[in-house]
4 protein chains.
Amino acid sequence: MASTPQSRIKVGIVGGTGYTGVELLRLLSQHPHVELTAITSRKEDGMPVAEMYPNLRGRVDLAFSSPDKAPLSGCDVVFFATPHGVAMAQARELLDAGVRVIDLAADFRLKDIPTFQKWYKIDHACPDVLEEAVYGLVELDRAGISRARVIGNPGCYPTTVLLGLAPVLEGGARIDTRHIIADCKSGVTGAGRKAEVHTLFSEASDNFKAYGVAGHRHHPEISEQLARLNGGPVGLVFVPHLVPMIRGMFSTLYARILPDAMDTDFQALFEARYANDPFVDVLPAGALPETRSVRASNTLRIAVQRPGNGDQLIVLVVQDNLVKGASGQAVQNMNLMFGLPETAGLDQVAILP
Amino acid sequence: MASTPQSRIKVGIVGGTGYTGVELLRLLSQHPHVELTAITSRKEDGMPVAEMYPNLRGRVDLAFSSPDKAPLSGCDVVFFATPHGVAMAQARELLDAGVRVIDLAADFRLKDIPTFQKWYKIDHACPDVLEEAVYGLVELDRAGISRARVIGNPGCYPTTVLLGLAPVLEGGARIDTRHIIADCKSGVTGAGRKAEVHTLFSEASDNFKAYGVAGHRHHPEISEQLARLNGGPVGLVFVPHLVPMIRGMFSTLYARILPDAMDTDFQALFEARYANDPFVDVLPAGALPETRSVRASNTLRIAVQRPGNGDQLIVLVVQDNLVKGASGQAVQNMNLMFGLPETAGLDQVAILP
Amino acid sequence: MASTPQSRIKVGIVGGTGYTGVELLRLLSQHPHVELTAITSRKEDGMPVAEMYPNLRGRVDLAFSSPDKAPLSGCDVVFFATPHGVAMAQARELLDAGVRVIDLAADFRLKDIPTFQKWYKIDHACPDVLEEAVYGLVELDRAGISRARVIGNPGCYPTTVLLGLAPVLEGGARIDTRHIIADCKSGVTGAGRKAEVHTLFSEASDNFKAYGVAGHRHHPEISEQLARLNGGPVGLVFVPHLVPMIRGMFSTLYARILPDAMDTDFQALFEARYANDPFVDVLPAGALPETRSVRASNTLRIAVQRPGNGDQLIVLVVQDNLVKGASGQAVQNMNLMFGLPETAGLDQVAILP
Amino acid sequence: MASTPQSRIKVGIVGGTGYTGVELLRLLSQHPHVELTAITSRKEDGMPVAEMYPNLRGRVDLAFSSPDKAPLSGCDVVFFATPHGVAMAQARELLDAGVRVIDLAADFRLKDIPTFQKWYKIDHACPDVLEEAVYGLVELDRAGISRARVIGNPGCYPTTVLLGLAPVLEGGARIDTRHIIADCKSGVTGAGRKAEVHTLFSEASDNFKAYGVAGHRHHPEISEQLARLNGGPVGLVFVPHLVPMIRGMFSTLYARILPDAMDTDFQALFEARYANDPFVDVLPAGALPETRSVRASNTLRIAVQRPGNGDQLIVLVVQDNLVKGASGQAVQNMNLMFGLPETAGLDQVAILP
């Protein structure tokens, strides 16, 4: 059943010049139930979107418009693909106009306001909106998201770590939750489209490094959600690394299996947990994931390893950081919020090679 | 209008383990009017396609089958994603069974048999089939392709050079046809998926080189087609280069404008020529193309430059060598041959970044 | 013979934070006859060089110092690794103090002042110094450079085009000089270390594009020098492209052989021309160069091709844009200016793979 | 003091066509005390080395020679840059002729013969030679290496893990040795120069994956040496990953600090341990290493992190896998064995960018 323009969801995007913005445009311009209504950029007011992003030539006719001129209040939903702090300044007004909000930045991810303020160095502008906001990790809270008016779309690292560990935490931890290690690797688009020296081709290419070891903003986000899954605090070491590739995220998770859980069939546990999740693919026993197997798709793939059948569990997770780790997940949230099929507009096959 | 499985075109692929094969699978598995029926590989008989190409997990259920077991004669069309020489050995039998044939290798590209034998070092197995075969460059011969039973799908380099020069050759040459220069650059997938030292990551990465200067098989193919467009032989210098990128082809074409043609508005000429071609995008005056603007899409983009309004015309052409340069073009040919919309299954937006 | 610190040349570097700066530091810190005396950076005053460039840890003890504090007038030679316009503001004062000057930017490259002002949008601050300045392409003017007090170190593109064409221009042109084509390709370090969006890893990786087709600053520089070699103006089409690699430059030069010169043995001509140039390597007939064969070395390699023994000459030239195309050539100039062996400090073997 | 040809060490290389071979050639051709005498390759007999490796043009005049023709017994030392199993077949004869042997493969790394046979699937050909062989990790056994006739040059991964953990194991473990995690990442040259599909540019570029999780040959090597350092067995989880870069290795090591060792100043401990090792650089507190900081150099850099001053120690180690991880370390061993300065021929500054 094709949707008519009349029946389509009216979508606005605030701050569409970054990578999550152009990725939203790519996905939404191919979405069968969406009408792109407005896209804002203060700086690029008037510039056709397809001039900045030539892949959209002939596919997206919109021009960027200044936020004050954009008809956002007439939209059904507005995505914020902006720096932290923008969504929370506008959310209340949009909600009052009946517009739903999906923020791809961090304004509605952390429930604990002091933690938010410590890591993002700004006060939270609307604690009441935050109160009702739902953490948009579909596979963990389909019901909550379906009813939500405001979504805090998860960070890219948290998506991989949480989906990689949920099966061994839900319903009673099977692992030592005081000492979890997440050794994570991200492609360079994870750093956004801002001009900075350390992400220049000449700096990031043919190179590998760790960063943020002393503290990364996704750390408290992961910890808060892991604690929710665990029913209590967890100890997490989180080391992000930068990989010379455009898209892709790979997380290697290490956890010690509890003595009582040594008999668990972890492969079966993971397969059962995600049997009904169209975007989570648990690989067969022994298989290893690679990031390109999900390039430009919303699929996240997981492999479970237990060397020598010992007490060390290794979970390997891959996703495209711009799709399942950002814009694809945001569209998946939108689909749920509007009662559409969860996979609508998200069924592209990954690009390999 | 969704097509029912009953009404779908039954498609077979011979030799699906290479890059043009997996790209055909990616495109055809998302094609609304196609039913994938068989995919052959002598070596991988029995292996599920999705095991070799994990991007297809959950999307393609077929397994490779040995050619002798595959139900190719029951297909409507068979694609050959094989080395040169395979299609011509099987084409006659398939045609007799009413199956149409699209060869992605060179068996049906060159009309001149001595030239074929000189460059490919093999006799041609079926001159009569070659006689009726149509060169599958849609934008140059939509009518012929629509009626064809056998298609020689163009090489990747020829596609860019021919579409880049057709507007200045058709209807009387506007350029000096004795001295055309094609300085072409290809991503590494152009070399295929064969294990060879010179295309190893450690050899091809962070490196740039020319190759085949003394002679490349696409040279006679381009020359033959240019001569057809020109109504007589042309002089062509063709230098291919290898770029450290996965997909993408960039051709910089240099031609001297004839004195009589100095008043031509080349920008307008190109725009008019391709106004009705959904997969050819002539960029605005002054714009320059980049390969990523067509990554994983069937679009080919062209820019026309004339520095200082002098007598030197520069045409810059980009395409994805695996899509418009190979598998996408093959599907475009199939669409025409079966009366489907030319863009069916080919409307994905390019992946950027 | 090892040089004692007392006998070493005292070297200063102005603006050492960019890529030509760190490359000068790498080369000069290993140079047997050099003592690094000062390196300036207004912005990084006080920061140890090895903190910004960890490859220099334990090898360079200097810290950046503010230009006004740096003991430049006590140096024997000062390199300017600065943006255009800086060297010409300071050259006169340094010369008066007996310091020689090597500018890696464009202040002393173009002899024609109106051309300089047109392309660099600034007035020339010291036409008299420019008057005496020598264009520092060693292989073309060893005698002039030996006597020079001021060197305009050539641009990276010009180095390849000029050395690629000198043998067929010197002593009477053997090619049609009205229609020379230089299709050039550069690694991303050619754009410098400035934070800009188009050179981000996420923009420049897995991509290929042309740029500056409508006009590039190296164009007038090449033209002026070609005219000098030719004894009269030449017609040049110059199209630079950006390659996703860190270092390396590849120039494909196309020229029409004059009727009178059709009997020339071009391979022999090139070999003879560069027989005594330690940094120019003419490859054997039939060989093709690749950029990695000169990575991190001061060697430039040239191959000469003439397809079908026809009238089209193709010259292929590779260099490391940061070494022979910039800092290595600057050190080579210094060696000549101070009577040192031309290869002193420049004999590292290229890094392959 | 320059060495005369007469006084130079005569060096042979067996199997010089791979990456460790060409890297040995690069280093040894610039070594002041070495005379390259022979390089063997059964397959390339007669081919000039510089034809296969154009970076060596003008620097290495040798041609490959068939092993039976090469004057290996007249060498002072022979390096084996061969697959596993070659060195042990020839070592006895060379030793009897007074030639010292440095094997870059695994024949003399593992002291435990059953372990060797289990992982390499071949019998050990000379247990007596293995008995006297010394594990060539200079920083752990300078005395032993100085006296050795046969060296088992360490694997690339083991070098990083062992140097990263030695300071907390020597003299009594400060960490829980039952649960050490080594999350390691390697550039693609680590896989050698063999033509294989999974290391093609089109497969390995823009991609990240783990491999060998179920078992990697460097695992028993690391375990054996860790046990030696620890004075007893250790529990190690080792997960290698493949990074789309040419050279470089990054190991992230996780260990739990023992209660008794919580007061240790780990930064000071590491700095003191390596104060006299010219090729180990302990970064300042808070700094993070990147692989390019050691590209093409023999330096290994280490950073020590302890987030929140808790019980989790993180050690980050970088090296160039072809230099300190293979050929550079082999030359370092040679220097010790022949009483040369440890840094002779190994003082090149790393290439950055």
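Procedures and definitions
- Residues numbered from 1 in each chain as written.
- Chains lettered and ligands numbered in written order.
- Predicted model: local features only at pLDDT ≥ 70, side-chain atom pairs only at ≥ 80, totals over all residues.
- Heavy atoms only, no water.
- Helix = DSSP H or I, 4+ residues; strand = E, 2+ residues; numbered from the N terminus.
- Expected span 1.5 Å × (residues − 1).
- Bend = angle between axes of the 7 residues up to and from the residue.
- Buried < 20%, exposed > 50% of the residue type's maximum accessible area, 1.4 Å probe, protein only.
- Contact = heavy atoms within 4.5 Å.
- Buried area = accessible area lost by both parts, 1.4 Å probe.
- Salt bridge = Lys/Arg side-chain N within 4 Å of Asp/Glu carboxyl O.
- Polar contact = N/O pair within 3.5 Å; in protein donor to acceptor, adjacent residues only side chain to side chain.
- Nonpolar A, V, L, I, M, F, W, Y, C, P; charged D, E, K, R; others polar.
- UniProt positions renumbered as here; feature names shortened; annotations may be inferred.
- Phe/Tyr/Trp six-rings, centres within 6.5 Å; stacked < 30°, edge-to-face > 60°.
- Least-squares fit on C-alpha atoms with pLDDT ≥ 70 in both.
- Pairing = 2+ DSSP bridges.
- Core = buried A, V, L, I, M, F, W, Y, C linked by side-chain atoms within 4.5 Å.

Q: Could you give me a rundown of helix α7 (residues 156-169) of chain D, with the residues and numbers involved?
A: All names here are of chain D. Between the first and last C-alpha of α7 there are 20 Å, a value that for 14 residues agrees with the 20 Å anticipated at 1.5 Å per step. Of all the bends found along α7, the most pronounced is centred on L163 and spans about 30°, while P167, a proline, follows it within four residues. With 14 of 14 residues buried, α7 is to be regarded as a mostly interior element. G171 occupies a position one or two residues after α7 and carries a positive phi of about 70°.

Q: Outline the interface of chain B and chain A, supporting the account with residue identities and numerical values.
A: Counting residues at the interface gives 32 residues for chain B and 32 residues for chain A. If you sort the residues of chain B by the area they bury against chain A, R57(B), V349(B) and P353(B) come out on top, with a joint share of 26%. Here chain B and chain A share two salt bridges between them. Between D281(B) and R57(A) there is a salt bridge; the shortest N-O distance is 2.6 Å. Put simply, chain B and chain A have 14 residue pairs in polar contact (both at pLDDT 80 or more) between them. Put simply, the parts of the chain that give the side of chain B that touches chain A at least two residues each are α1 (19-29) and β11 (280-282) of chain B. Here the side of chain B that touches chain A takes five residues from α1(B), the largest share from any one element. Its residues assigned to classes, the side of chain B that touches chain A shows 16 nonpolar, six polar and 10 charged.

Q: Explain the UniProt feature "domain: Semialdehyde dehydrogenase NAD-binding" (unreviewed entry) in chain A to me, and be specific about the residues and the numbers.
A: The feature "domain: Semialdehyde dehydrogenase NAD-binding" (unreviewed entry), as annotated in UniProt, sits at residues 10-148 of chain A in this numbering. The distance from the first to the last C-alpha atom of residues 10-148 of chain A is 17 Å, and the span holds 33% helix and 16% strand.

Q: Can you break down the packing of aromatic side chains residue by residue, with the values?
A: Residues and elements named next belong to chain A. Under the defined criterion, the tally for this structure stands at 16 aromatic pairs over all chains. Plain terms: the ring middles of F116 and Y120 are 5.2 Å apart, the flat faces sit at 20° to each other, and that makes the pair stacked. Pair noted here: F116 and Y120 are both in helix α4 (residues 113-120), with a separation of four residues, about one helical turn. An identical accessibility class is assigned to F116 and Y120; each is buried.

Q: Now, about the relation of the copies chain D and chain A: what can you tell me, with residues and values included?
A: Relative to chain A, chain D is turned by 180° and slid 0.0 Å along the rotation axis, the superposed coordinates differing by an RMSD of 0.0 Å. The operation mapping one copy onto its partner corresponds to a two-fold rotation axis. Relative to the rotation axis, the closest C-alpha in chain D is found at P244(D), a distance of 3.2 Å. Here 100% of the interface residues in chain D have copies in chain A that are interface residues too; the copies meet face to matching face.

Q: How would you explain the pairing of strand β13 (residues 312-319) of chain B if you had to name every residue and give the values?
A: All names here are of chain B. With respect to burial, β13 is a largely interior element, eight of its eight residues being buried. Burial along β13 is two-sided: Q312, I314, L316 and V318 facing one way and L313, V315, V317 and Q319 facing the other are all buried. Pairing between strand β10 (residues 249-256) and β13: eight bridges, direction antiparallel. Within the sheet, the bridge partner assigned to M249 lies in β13 and is Q319. Pairing geometry for strand β12 (residues 300-305) and β13, over five bridges, is antiparallel. Following the sheet pairing, R301 is matched in β13 by V318.

Q: Which residues make up the interface of chain D and chain A, and what are the values?
A: Taken together, the contacts link 40 residues of chain D with 40 residues of chain A. On inspection of chain D and its partner chain A, the count reaches six salt bridges. The residue D206(D) makes a salt bridge to R295(A) at a minimum N-O spacing of 3.4 Å. Inspection of the chain D/chain A interface yields 26 residue pairs in polar contact (both at pLDDT 80 or more). Among the elements of the structure, β7 (180-186), α8 (201-204), β8 (209-210), β9 (236-242), β10 (249-256) and β13 (312-319) of chain D are those that each provide at least two residues to the side of chain D that touches chain A.

Q: Could you give an account of the nonpolar core, with specific residues and numbers?
A: Grouped together as the largest cluster of nonpolar side chains are 88 residues, with contacts concentrated most on V11(B), L28(B), F79(B), V11(D), L28(D) and F79(D). By size, the runner-up hydrophobic cluster in this structure holds 41 residues, among which are L24(A), V34(A), V134(A) and I151(A).

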